[in-house]
Amino acid sequence: MNTRLSEYKEKRNFTKTLEPEGKSDQEEECLRFVIQHHMARRDHYDFRLEWAGVLLSWAVPKGPSNNTLDKRLAVQVEDHPLEYRNFEGIIPKGEYGGGTVMLWDEGIWEPYKNVEEGLKKGELKFTLKGKRLVGKWALIRLKPKEGETKDNWLLLKEKDEYSKESNDLLGYDTSIRTGRTMEEIEKGEKVKFTKNPFEQTNVQLAKLVKEIPEDENWIYELKYDGYRIIAYIEGNQVRLLTRNGNDYHNRFYHVARALVEWAKGRAMVLDGEMVITDETGKTDFQALQNYLKNAKSQSLTYIIFDLLALDGEDLREKDIIERKDILLNLMKDAPKNLFYSRYIKGKGKESFAAANETGMEGIVGKKIGSIYSGTRNGDWIKLKCDKRQEFVIGGFTLTDKRVSGVSALLLGVFEGDKLIYAGRAGTGISEGEMKRLENEFKDIKRMDSPFHVPPKSKPGEVITWLEPGLVAEIKFAEWTKENQLRQASYKGLRKDKEPTEITREIQQPLASVSRVEETMESNTANHLIFEGIKISNPDKVIYDDSGLTKLDVVKYYEKVSKRMLPYMKQRILTTVRCPKGISQNCFYKKHPGADSKGIITVPVTNGDGEVEEYFYVEDTKGILYEVQMGTVEFHTWGSSYNTLEKPDMMVFDLDPDEGMELDRVRQGVYDVKSILSELSLHSYLKTSGGKGYHVVVPLKPSVSWDTFHDFARKVAEVMEKKWPDRYTSNVRKANRKGKIFIDWIRNGRGATSVAPYSLRARKGAKVSMPISWEELETIAPDGIDMQEALLRINADDPWKNFFHDNQMLK
């Protein structure tokens, strides 16, 4: 428990109030702020800033003002728990602060200088990125008057583009989360915002064609050079999702805020391109790259070309013209950074000529009457003014003229699961971009070439091979007869696209573009779609001893995901990837790299005090994305990310010496269970899919990793002392002769254990399967394979009480 919350807890009876008690001192990637309108004995606004695991809190009687002349008194009160930023509801009368609480604003805040020094000095300056409060603000402490027991501060709006001559903030009288008024919150009325009819969709893609249609049954729009973004707006929340499922609402904050203001509480789903334009109105991809690196440019524009849902209605089945007309009417009074993509009916040749003359990227044609199918079915086509596309980076060269950096990128495209070398790009890489690339490359270097046929090095250069996880946009003159790029120039990295989706774009004759051809694509032998994830090469054999394919693995994880997710959701993962099957080179993966569709990337401080990116999954889509990328095994941390430093799942792995009888291993399981029972701890059993069993103890997230780790070690040492001829707590194999190693080491911070229901990358497609204690005598540690596991998930769950049985560590 965070000791800074002592005063907060002393004032509240948590058996009577629904306010959060405060459980942990975890910090999130961004610093959050919240403002709560609090109608208690005195009406006021509570201004709260996340810092050091709590919410620093001030009561502002008159509420904030965006007029720089207004000086709002802010009385500092006790620190509140982080969870309080989600509290909206009623504090019972008679309790401290009794009254109604509304979530009036929320967002992230960025301090200018050291916060602790600012608090001591009495001067805290910061930027707010909220839905209602934005820009530069300051808290200034007043000199205390005689007899005052609380610190009085002033909340001030500093002059910037968001300051106003008059204060219009107090006109907001509804919740930022639920759309309810104070009266509606007090009455317990439900959330008022309309929800979108779907939470995700595949984007409609255009086919590259050679010629413009002769008929007039098409509309034409300019092709923009930026990031394709699907915007999901509900109430005062917005998600800006890239092609590979990353949410960029924080990176594109100004556009996200504009969308919320413009929508005015209406639910909608938009399709468009996030761009930066130059003074002539031309989109500049390199400028967008620079923006993503430093976010200093204010010329970010969201060009919206389609409306997929509005006010809870799915519009994807309506024809393109009807969707565009509804969108146009909506955008008549849109902010300047939201731009409607206009179209012309027919006149494709004239449109393409105009795009060429003005130096635009090209045009997109859309068939009149077509629906939004979320495929590349020929209803949308594209014609490019110059040759450019995305390529996968499979390595880089360094010539003897340089001591460091990058001389040229080695590029490829996928054909099935093979990365085919397509040439190199040695121009367009600035010194600043070179440093960025070096940083991106440092964790993905490999010993062998990822290309199906590796390129040969030139005299005086050294090649460094890379995992094919990064995508670059490349401009080039043409393809040679040898299918190599000529005059290729680097334009920037594409973090919004998946490497496995990158294939060679070939201009097709218009006659070959048919809806039937592409509609069938998702059901061919080369591609299948599960949970929105395109599964490439489903027939690839993963388990060569049994002939089980990638499709078999995908179907297995899809079917067991409901049982599996409770033990994986929000737990940092290490996976075992076997992209060429389990008999080939498999490797562990614990950092997300560039491939992050369907997974959640999070910052974690390692043992050296450095922050590294890790990842977890939240749903079936995340699991299947990992399987698409070659994952066979899933291993998890012993804690959930939202209580990262408080582990809650202890695992004892019984690792027997080679050739040990199974009866002795089973006795070891009983002995572990007996020791834990003596400590009043209930335990659960699962197979490992290997030589031993796993005994798992669910716990409340209440102690530190050091305490957790030491407890597990002591259990193993107790067993070693009680039965010295049976067990050892020493990891060295020399100490394991004729004994079982009680593996307690996996209970340390950063260590992992194989997840329940995970396949193992071993012959026979064995599963680490939860079983009942009664089944110990009849099921071997490797006694359940994929097929048996699928049968068992239709029966009663032997671990059904697992999450109701979490106990305090004694």
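Note that the coordinates shown come from a computational prediction; the quantities given were computed from them, not determined experimentally.

About the criteria used
- The numbering scheme is per chain: residues are counted from 1 as the chain's sequence reads.
- Selection of residues for local features in this predicted model requires a pLDDT of at least 70, selection of side-chain atom pairs for listing and counting requires 80 or more, and totals for whole chains, interfaces and linings are taken over all residues.
- Hydrogens are left out, water is left out, and the side-chain values use all remaining heavy atoms of the structure.
- Each domain's extent was defined by an automatic or database domain assignment.
- Note on contacts: a residue pair is in contact if any heavy atoms of the two residues lie within 4.5 Å.
- Put simply, buried area is how much 1.4 Å-probe accessible surface two parts lose in total, over both of them, once they are put together.
- The helix and strand labels rest on DSSP assignments: H or I over at least four residues marks a helix, E over at least two residues marks a strand, and numbering proceeds from the N terminus.
- Side-chain classes follow a simple rule in which Ala, Val, Leu, Ile, Met, Phe, Trp, Tyr, Cys and Pro form the nonpolar group, Asp, Glu, Lys and Arg form the charged group, and the remainder, Gly included, forms the polar group.
- Two strands qualify as a pair provided that DSSP identifies no fewer than 2 bridges between them.
- Only the stretch in contact is used when fitting a helix axis, every axis being a line fitted to C-alpha atoms; angles between N-to-C directions are given from 0 to 180 degrees.
- Paired rings are identified among Phe, Tyr and Trp, the last through its six-membered ring, by centres lying within 6.5 Å, and are further divided according to the angle between planes into stacked (under 30 degrees), edge-to-face (over 60) and tilted (the rest).
- Relative accessible area decides the class of each residue, using a 1.4 Å probe on protein chains only: under 20% of the type maximum gives buried, over 50% gives exposed, and in between gives partly exposed.
- In this analysis a 1.4 Å probe is tested at points of a 1 Å grid over the protein atoms alone, and where it fits but cannot get out there is a cavity; an open set with protein on both sides within 12 Å along at least five of seven lines is a pocket; lining residues have an atom within 4 Å of a point.
- Grid points are joined across faces, edges and corners, and a volume is the space filled by probe spheres set on the points.
- Note on terminology: disulfide denotes any pair of cysteine sulfur atoms within 2.5 Å.
- To qualify as a nonpolar core, a set must consist of buried Ala, Val, Leu, Ile, Met, Phe, Trp, Tyr and Cys residues joined through side-chain atoms within 4.5 Å.
- Here is the rule for handedness: rotate from the far helix to the near one, and if that takes an anticlockwise turn smaller than a right angle the crossing is left-handed, while a clockwise turn gives right-handed.
- We count a salt bridge whenever a side-chain nitrogen from Lys or Arg sits within 4 Å of a carboxyl oxygen from Asp or Glu.

(A) View of the domain arrangement of the protein chain. Taken domain by domain, the protein chain consists of domain 1 (5-187), domain 2 (207-384), domain 3 (395-497), domain 4 (529-642) and domain 5 (649-793). The C-alpha centroid of domain 3 is placed 30 Å from the C-alpha centroid of domain 2. Contacts between domain 2 and domain 3 engage 13 residues on the former and 10 residues on the latter. In this assembly, domain 2 packs against domain 3 so that about 940 Å² is buried in total across both faces, 38% of it on carbon and sulfur atoms. Among the elements that take part in the side of domain 2 that touches domain 3, helix H5 (residues 285-294) stands out by supplying four residues, more than any other. Of the residues assigned to the side of domain 2 that touches domain 3, the class counts are three nonpolar, six polar and four charged.

(B) Geometry of the sheet that holds strand S41 (residues 727-728). The six strands lie next to each other as S41-S42-S38-S40-S39-S44, forming an open sheet whose pairing is mixed. With one partner strand each, in any of the chains shown, S41 and strand S44 (770-771) form the two edges of the open sheet. With two bridges connecting them, strand S39 (residues 684-687) and S44 associate as antiparallel partners. Looking at the pairing, Lys686 lines up with Pro770 of S44. The strands touched by helix H12 (residues 662-678) within the sheet are strand S38 (649-656), S39, strand S40 (693-698), S41 and strand S42 (740-743), with S40 carrying the most contacts at an inclination of about 10 degrees. Set on the sheet, helix H13 (residues 705-722) makes contact with S38, S41 and S42; between it and S38 the angle comes to about 35 degrees.

(C) Main features of the packing of aromatic side chains. This model, assessed by the stated rule, comprises 35 aromatic pairs. A centroid spacing of 5.1 Å and a plane angle of 15 degrees characterise the contact between Phe396 and Phe441, whose relative ring orientation is stacked. With Phe396 in strand S21 (residues 387-399) and Phe441 in helix H8 (residues 431-441), the pair connects residues that are 45 residues apart, well separated along the chain. When sorted by exposure, Phe396 lands in the same class as Phe441, which is buried. With a centroid separation of 6.2 Å and 65 degrees between ring planes, the pair formed by Tyr614 and Trp637 is classed as edge-to-face. Of the two residues, Tyr614 is situated in strand S36 (residues 611-617) and Trp637 in the loop between strand S37 (631-636) and S38; the sequence distance between them amounts to 23 residues. You can call Tyr614 buried: its relative accessible area is 8%.

(D) Spatial organisation of unusual backbone geometry. Unlike most non-glycine residues, Lys347 shows phi in positive territory, near 55 degrees. Relative to the helices and strands, Lys347 resides in the loop between strand S18 (344-345) and helix H7 (348-357). Positioned with a positive phi, Gln570 is a non-glycine residue whose angle comes to about 65 degrees. In this structure, Gln570 sits in the loop between helix H10 (550-564) and strand S33 (573-577).

(E) Looking closely at empty space enclosed by the protein. All chains considered together, the criterion is met by two cavities of 30 Å³ or more. Here the largest cavity defines a volume of roughly 70 Å³. Lining the largest cavity are 13 residues, and of these Trp637, Gly638, Met649, Arg746 and Ser753 lie nearest its centre. For the lining of the largest cavity, the secondary-structure elements that each account for two or more residues are S38 and H13. Here the residues of the lining of the largest cavity sort into six nonpolar, six polar and one charged. In this structure, the lining of the largest cavity is formed jointly by two domains, domain 4 (529-642) and domain 5 (649-793), each of which donates at least three residues. Computed from the structure, the second largest cavity encloses a volume of approximately 30 Å³. Of all the secondary structure elements, the ones that give two or more residues to the lining of the second largest cavity are S38 and strand S43 (753-754). Across the lining of the second largest cavity, the residue classes tally to six nonpolar, two polar and one charged.

(F) Layout of the layout of surface pockets. Computed from the structure, the second largest pocket encloses a volume of approximately 600 Å³. Every residue lining the second largest pocket is counted, 23 residues in all, and those nearest its centre are Arg41, Arg42, His44, Ala59 and Tyr96. Tallied by class, residues from the lining of the second largest pocket come to nine nonpolar, five polar and nine charged.

(G) Quick look at the state of the cysteines. Under the definition given, this model contains one disulfide. Covalent S-S linkage joins Cys578 and Cys586, the inter-sulfur distance amounting to 2.1 Å. Taking the torsion about the S-S bond as the criterion, the Cys578 to Cys586 disulfide, at about 120 degrees, is right-handed. Residue Cys578 is classed as buried on the basis of its relative accessible area of 0%. According to the relative accessible area criterion, Cys586 is partly exposed, its value standing at 27%.

(H) Region of the structure containing the nonpolar core. Core analysis: the largest hydrophobic core is formed by 91 residues, its most contacted members being Tyr556, Tyr557 and Phe652. Inspection of this core shows a minimum of three residues originating in each of domain 4 (529-642) and domain 5 (649-793). Those residues in contact with Tyr556 that sit more than four places away from it in its chain are Tyr757, Leu759, Val767, Met786, Ala789 and Leu790.

(I) Representation of the environment of Ser702 in the model. Position of Ser702 among the secondary structure elements: in the loop between S40 and H13. For the pair formed by Ser702 and Glu117, sequence separation is 585 residues and the distance between their alpha carbons is 31 Å. Not counting the four nearest positions on each side in its chain, Ser702 is found in contact with Lys646, Pro647 and Met808.

(J) Local environment of the packing of H12 against H13. Relative orientation of the contacting elements H12 and H13 amounts to 115 degrees, with a least axis distance of 11 Å. You can see that H12 and H13 cross each other, and the crossing is right-handed. Residue-level inspection shows Gly668, Asp671, Val672, Ile675 and Glu678 of H12 in contact with H13, the latter providing Val715, Val718, Met719 and Lys722. In terms of residue class, the contact of H12 with H13 is built from five nonpolar, one polar and three charged.

(K) Quick look at the pairing of strand S6 (residues 99-111). Among the 13 residues that make up S6, 11 are buried, leaving the element largely enclosed by the rest of the structure. Bridge analysis of strand S1 (residues 32-39) against S6 gives eight bridges, and the strand direction is antiparallel. Note that in S6 the partner of Ile35 across the bridge is Asp105. The pairing of strand S5 (residues 89-91) with S6 spans three bridges and is classified as antiparallel. The residue of S6 that forms the bridge with Gly89 is Val101. Taken together, the five bridges between S6 and strand S7 (residues 123-130) define a ladder with antiparallel strand orientation.

(L) Expanded view of the pattern of salt bridges. Tallied over the full model, the rule gives 51 salt bridges. Among the salt bridges present, the one from Glu221 reaches Lys324, with a minimum N-O distance of 3.0 Å. Of this pair, Glu221 sits in strand S11 (residues 218-223) while Lys324 sits in helix H6 (residues 320-330); the two residues are 103 residues apart in sequence, bridging distant segments of the chain. Across this residue pair, the class does not change: Glu221 and Lys324 are buried. Linking Lys318 and Glu322 is a salt bridge whose minimum nitrogen-to-oxygen distance equals 3.4 Å. Several salt bridges converge on common partners, so that one network encompasses Asp225, Arg388, Glu390, Glu473, Arg494, Asp496 and Lys497.

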